[in-house]
Every structure is written in C-alpha cells, then in structure tokens.
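# Commentary on secondary and tertiary structure
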Amino acid sequence: MSATHLTEQDTRAAAALQNTPPTGNPDRRLSAALWCAGVATFALMYAPQGLLTQIGHDASVSPAQASLLVSAATLGLALSVLPWARFSDRVGRPTAMRYAAATAGLLAVAVPWLPTFDALVAGRFVQGVALGGLPALAMTLLHEVAVPARTTALAGSYVAATSLGGLSGRLLVVPVADHLGWRPALAILGVGLAILMTILIVLLPTGRGRRALVPSAGILAIHLRDTRLLALFGIGALLVGGMVAVFNYLPFRLEAAPYHLAPTVVSLIFLAYLAGTAGSRAAGWMVGQLGHRTVLMLACTFMAGGTVLSVAGPLVLILLGVAAITAGLFVGHAVASGMVGAHAKTGRAQATALYNVSYYAGSSLFGWVGGIAWASGQWLYVAALVLVLTALALVLALLPSTTARRVVAVESY
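Only a predicted model underlies this, so the values are computations on that prediction, with no experimental measurement involved.

Here we come to unusual backbone geometry. The residue after Ala257, namely Pro258, is reached through a cis peptide bond having omega 5°. Examined against the element boundaries, Pro258 turns out to sit in the loop between α12 (227-254) and α13 (263-266). The backbone phi angle of Gln378 is positive, close to 55°, even though this residue is not glycine. Considering the arrangement of structural elements, one finds Gln378 in helix α17 (residues 348-398). Assessed through its relative accessible area of 44%, Gln378 is described here as partly exposed.

Here's what the structure looks like:
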C-alpha cells in the first residue's frame, strides 16, 4: 500500500511520532536514514576483510592476528547490543542512534591512522562498540515510528542497504589500497561513511519511541533458559563463524601458489555475497514449501557441500563452493533469526538482541579460530573447521525444539 492510500489518521499519527508535519513524507525520510545506517555500518565493519593479506604483510603479523581487525569490530558490536538498547530506553532510539553515528563517523576517519597494530585492533573494537547502536536499534525504531502499512517495505529497504554495505565495503577498498596503501584506502572509505553518518543524523526522526526495549534482566534470564532459543542462537553463531573463516583466509590461499592472483582479483570473490542475498530473499518461500527444519538442514548441507568443493584445486570449483557457503549462511541466518522472533512469547526484542549477540560473537570467535586452523594446516584445516561448525549447526537444527511458526525480515550479514 502506498503512502497516498493511508488514512488521514495514520498519516497524522506517524507525523506526530516523528515531530514532522503531516504534509511531509516521513516514511521516505526514515527509509533514507535507515539506508544510510545499513550501508555505513556494514561497509565499515567488514572493509578490512579484503585487506588482511596486505595488512598482515605490512604489520608482520600472522593471518590469525590480522583477522583480529575483523573479529575485534564484531566482538565490540556483540558486546554493545544490549547496553545500547538500555541506553536508548533512557534517551530515545533516535538520540541513541545519533550518538552512535557521530562516534562511528569520527572513528572511521581516525582509526586507520593509529600507529601500531595493537592500537588498530583496539580502535576497531571501539568502532564495533559504536556501530552496535545502529543495527541494534534500527529495526526497533522502524516499527515504533513508521505507519504499520509501510513497515515491511521499509524493512526490506534496510535489509538491501546492509547487503550493499557489506559487499561494497569489501570491494571498494582493495583497488584503492593497491595504489595508495591500505591505510589511505580505509581512511578514504571512512570519509565517505562519515558523510553517510552525518546524513543519517540529520534524517533521523525526533522523539523517544513508545516502549522500553530492555525491561528487565528477568526477561533475558527466561530466554537464556529456553532450550529452543539457545539452539537457534547456536545455529546463527556456528554458521556465520564458518563463513567468516572462509572469507578471512581464502585470500591468503588465492594470492599464494599455484594461483598467484592479484588482491584486486581476489576481492571479486566477495561477489559471491550476492548468492547469499538471493538466498535470504528465497528463505521465506522455501520455508512455506518445505518447513523450517528442512530449510535449516538444507542451509547446513549447502555450506558443507560448498566447503568440500572449496578444497578442490580448480579455481571455478572454489568459487562455486564459496557461493554455496554464502547462500547456505544467508538462508540459515534468515530462518533461524526469524524463528527466534516467532518463538519468543514475551520480550521478542530482547530475544532478537540475544540472537544478535550470539551471531556477532560467533563471527568474532570462529573468524579468529580459523587463523589457528590456517597456521596448522592451511586451507585443508580451515575447511575442516567449517565442516565441524556446520555439522554442529545441523545437530541443533535436527532438535525437535527448533520448530517455529513463521519467518520475519532479518538484516544481512
């Protein structure tokens, strides 16, 4: 339904919530704000992933240590999700997001120039803490201030923005780094993202929102005792951990013998990310046809099959394997996160927040553990780690308690 078909009462209610005149277009303004948030957050968080080989060489650190530049940011985000939610209950969702955007924008420009590798890792952790205030609050803000008839379309726009950000951040910095070095490349990207953060600050609505996001520790404790939710949290953490390990260390393999690919060419493997975007969009349809448990099993099987393909020598098989891994992660993430929202009887926002905590914690932990596997046995050991993670996720998916009623919109990895 378009905005022109909304009732006058709905239009006035939405405008009042955002302190915007009824004659304006608050939904379009909110959509643009969330688009900026999605692109900027995920571009900034994952941009160093395409530069790990260069950073490792220049800083004289191992692949596992270099991967800390990604893991530190995702860990910071995971640890900050609940504090940002609680802070937003005090000051309002838009105000909290403005604080997060301003801090993240400044850090995006400053962190690449930190002089030592340890300082860079610390700076990336602080970046993750700042960024946590955006994905943690974006969807909640949308449901609180948008006209209900428009929430699905606006959520879809935000999801698309996170996909674009995750892909563009990985792709854009590598060719710039080839000419100017990885520090200027990250700093130039940071300037662009700081501009997006500034636009976000201007576009965000005013007001506090309508309800508390983190009411009490009791709700969180209830969720943490729920075996169904714990299984879903585990599935998200295991699957994303496997994918991050693949994208962290595959460039080290492809830039070495026998492939000797240039970093710019290797960065094109991130285009496999588009297979994941398509997979997440198809997840709802697949669930309607096959059921939640079957689709989760297929997601794990896709990741496992893609991992086996990636061990092969021919480059085309490696790329097909990466595409299958990416599609499997996105489908599994879409279904598992949607099942969390469907299963939680109370405190749905808190259940979703806990899923995000486990998801990004898994990304951080297993992305780093993949470096230990690489140091021990190169790609064969990395593939073995991913197979173990997908097997554990499959076991959790097979538990009868992981059934649920529906899938809801989710943000992209």
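Here Ala59 lies in helix α3 (residues 52-59). For the pair Ala59 and Thr116, spaced 57 residues apart in the sequence, the C-alpha separation amounts to 8.1 Å.

Here we come to helix α8 (residues 135-145). Among the 11 residues in α8, 10 count as buried, and that is most of the element. When we look at burial in α8, the residues that qualify are Pro135, Ala136, Leu137, Ala138, Met139, Thr140, Leu141, Leu142, Glu144 and Val145.

Enumeration over the complete set of coordinates arrives at nine aromatic pairs. With centroids separated by 5.3 Å and ring planes inclined at 35°, the aromatic side chains of Phe247 and Phe270 adopt a geometry described as tilted. Taken together, the residues Phe247 in helix α12 and Phe270 in the loop between α13 and α14 (273-290) connect sequence positions 23 residues apart. Pairing Tyr355 with Tyr359 gives two aromatic rings, centres 5.9 Å apart and planes at 25°, and the pair type is stacked. Highlighted residues: Tyr355 and Tyr359, both in helix α17, separated by four residues, approximately one helical turn. Take Tyr355: its relative accessible area is 1%, and that puts it in the buried class. On the basis of relative accessible area, Tyr359 is assigned to the buried category, the value being 1%. Through a chain of ring-to-ring contacts, three or more aromatic side chains come together here, namely Phe233, Tyr355, Tyr359 and Tyr360. The aromatic ring of Tyr46 is capped on one face by Arg170, whose charged end is 4.5 Å from the ring centroid.

The rules we used
- Residues numbered from 1 in each chain as written.
- Predicted model: local features only at pLDDT ≥ 70, side-chain atom pairs only at ≥ 80, totals over all residues.
- Heavy atoms only, no water.
- Helix = DSSP H or I, 4+ residues; strand = E, 2+ residues; numbered from the N terminus.
- Buried < 20%, exposed > 50% of the residue type's maximum accessible area, 1.4 Å probe, protein only.
- Phe/Tyr/Trp six-rings, centres within 6.5 Å; stacked < 30°, edge-to-face > 60°.
- Lys NZ or Arg CZ within 6 Å of the ring centre and 35° of its normal.

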